[in-house]
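Chain by chain, the residues run as shown.
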Amino acid sequence: MQRGPLVEHLIDQLIAHYGLLAVFVGSLAEGETAAILGGFFAHQQAFAWWQTALAAFCGAALGDTGFFLIGRHFADHPWVQRLRTRPGFDQADRFVRHHPNLFVLANRYVYGMRLVGGVAAGLAQIGLWRFLVLNLLSALVWAVLFSSLGYLFGLGAQQFLGRALLAHQRLGLAALVLLAGAGLAWLGHLYRKRSRNR
């Protein structure tokens, strides 16, 4: 086997073996990029689309439930106290107290608020079963939506190139998606920082 095909084979094997774990871990917090990349690799047949959606769902549901439980049981912990001083926490706290169902369903779709939102929901004393049902429903819709977007991105890339992507092309596109996600996160951070200074 030549060096080029060997590297491509190695990349394919790494993605096939650890890709779903990466989607799960990436979905524990702000995981849109992980779910999109998982959908992209599902289109490239590294694993099945439903496996990507399931990994993203499990990570998102577990992450938000963990943040909720931290807010519920560790309200006096220094980390939670610091989190309460972050910009946007007061608005999240007011919203969750006035519209708890809507907040739990929609919080994961507001970039940068998932961690804050889960803790705020726990501090608001929403019932555990109520939170779990709403959180699972929201995580399911979120996982299907973002992994489908990634799948469609893979389809678009394949249509654009006119053929299935090679391993190094998949890796290059994945790197571009990661860079785009990091760039958007950085722009969001700058926007929030600028809003705070006004």
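Now for a quick tour of the structure. (Residues numbered from 1 in each chain as written. Predicted model: local features only at pLDDT ≥ 70, side-chain atom pairs only at ≥ 80, totals over all residues. Heavy atoms only, no water.)

Here the focus is empty space enclosed by the protein. For the structure shown, the criterion picks out one cavity of 30 Å³ or more. The space that makes up the largest cavity amounts to roughly 70 Å³. As for the largest cavity, its lining consists of D64, F103, V104, N107, R108, G117, G118, A121, F131 and N135. Broken down by secondary-structure element, the contributors of at least two residues to the lining of the largest cavity are helix 6 (100-106), helix 7 (114-123) and helix 8 (128-161). The dominant element in the lining of the largest cavity, judged by the number of residues it contributes, is helix 7, at three residues. Considering only residue class, the lining of the largest cavity consists of four nonpolar, four polar and two charged. (1 Å grid on protein atoms, 1.4 Å probe; cavity = no way out; pocket = protein on both sides within 12 Å on 5 of 7 lines; lining within 4 Å. Points joined across faces, edges and corners; volume = space filled by probe spheres on them. Helix = DSSP H or I, 4+ residues; strand = E, 2+ residues; numbered from the N terminus. Nonpolar A, V, L, I, M, F, W, Y, C, P; charged D, E, K, R; others polar.)

A cluster of nonpolar side chains, Y109, L137, V141, L145 and L149, forms an exposed patch at the surface whose accessible area comes to about 430 Å². Along the chain, L149 turns up in helix 8. The class of L149 is partly exposed, set by a relative accessible area of 41%. (Patch = residues over 30% accessible without salt bridge, like charges linked within 9 Å, V, L, I, M, F, W, Y side chains within 5 Å. Areas by Shrake-Rupley, 256 points an atom, 1.4 Å probe, with all protein chains shown as cover. Salt bridge = Lys/Arg side-chain N within 4 Å of Asp/Glu carboxyl O. Buried < 20%, exposed > 50% of the residue type's maximum accessible area, 1.4 Å probe, protein only.)

Let's shift gears to the packing of helix 5 (residues 89-98) against helix 7. Contact geometry of helix 5 with helix 7 gives a least axis separation of 9 Å together with a crossing angle of 50 degrees. One way to sum up the angle between helix 5 and helix 7 is to call them oblique. Relative to helix 7, helix 5 is oriented so that their crossing is right-handed. The segment helix 5 lies against helix 7, with F89, A92, D93, V96 and R97 engaging V116, V119, A120, A121 and L123. Counted by class, the contact of helix 5 with helix 7 contains eight nonpolar, no polar and two charged residues. (Axes fitted to C-alpha atoms, helices over the stretch in contact; angles between N-to-C directions. Parallel < 35°, antiparallel > 145°, perpendicular 65-115°, else oblique. Left-handed = near helix turned anticlockwise from the far one by under 90°. Contact = heavy atoms within 4.5 Å.)

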